[in-house]
Amino acid sequence: MEQIDATPLEQAEAKHGYSDNKDAYLKRLKRIEGQVRGIARMVDEDKYCIDILTQVAAVTKALHAVSLGLVEEHIGHCVVGAAAEPDPTLRSAAIDSKVKEATDAIGRLLR
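Residues numbered from 1 in each chain as written. Predicted model: local features only at pLDDT ≥ 70, side-chain atom pairs only at ≥ 80, totals over all residues. Heavy atoms only, no water.

An unreviewed UniProt entry annotates the protein as Copper-sensing transcriptional repressor CsoR of Arthrobacter ulcerisalmonis. We quote the UniProt Sequence similarities (unreviewed entry) comment for the protein here in full: "Belongs to the CsoR family." (UniProt positions renumbered as here; feature names shortened; annotations may be inferred.)

## Concerning the overall build of the protein
Across its full length, the protein carries four helices and zero strands. Taken from the N to the C terminus, the helices and strands of the protein come in the order α-α-α-α. Counting all 111 residues of the protein, 23% fall into the buried class. Excluding contacts between residues fewer than 6 apart, the proportion of contacts in the protein whose partners are at least 24 apart in sequence is 67%. For the protein, the exposed surface amounts to about 8,200 Å²; the carbon and sulfur share of it is 58%. (Helix = DSSP H or I, 4+ residues; strand = E, 2+ residues; numbered from the N terminus. Buried < 20%, exposed > 50% of the residue type's maximum accessible area, 1.4 Å probe, protein only. Contact = heavy atoms within 4.5 Å. Areas by Shrake-Rupley, 256 points an atom, 1.4 Å probe, with all protein chains shown as cover.)

## Description of the nonpolar core
Membership of the largest hydrophobic core is limited to eight residues, which are Tyr 25, Ile 32, Ile 39, Met 42, Ile 52, Val 59, Ala 62 and Val 66. For this core, the secondary structure elements donating two or more residues are α2 (22–44) and α3 (49–83). (Core = buried A, V, L, I, M, F, W, Y, C linked by side-chain atoms within 4.5 Å.)

## Describing the pattern of salt bridges
Within this structure, the stated rule accounts for four salt bridges. The closest approach of N and O atoms between Glu 33 and Arg 37, which form a salt bridge, is 3.4 Å. In this pair, Glu 33 and Arg 37 are both assigned in helix α2, four residues apart and thus about one turn of the helix distant. Between Glu 45 and Lys 47 there is a salt bridge; the shortest N-O distance is 3.9 Å. Overall, the relative accessible area of 45% leaves Glu 45 in the partly exposed class. A relative accessible area of 42% means that Lys 47 is categorised as partly exposed. (Salt bridge = Lys/Arg side-chain N within 4 Å of Asp/Glu carboxyl O.)

Below is the structure:
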């Protein structure tokens, strides 16, 4: 069977930008998950509201850090991969698509 070479865009799509750092993201998310369980426990134990809010702020900051890392990975991998598309017509559409995805994601983070 004849093998067809994948375009740079298809190669970039085959693997997510965060794949190389997946273990670090999972470790961070598990730590955040533990923090959220701790907040639930604080509510269950009727802890002081300001202490709970402090922990909520810490979780929010940690989630924002993960989000920014993923946006950076998307731009560095997916947008750059789209820019490597050899066909100029496909390249332009691919770049536009990936930039729009990143812009939309950033917009959701800012809401």
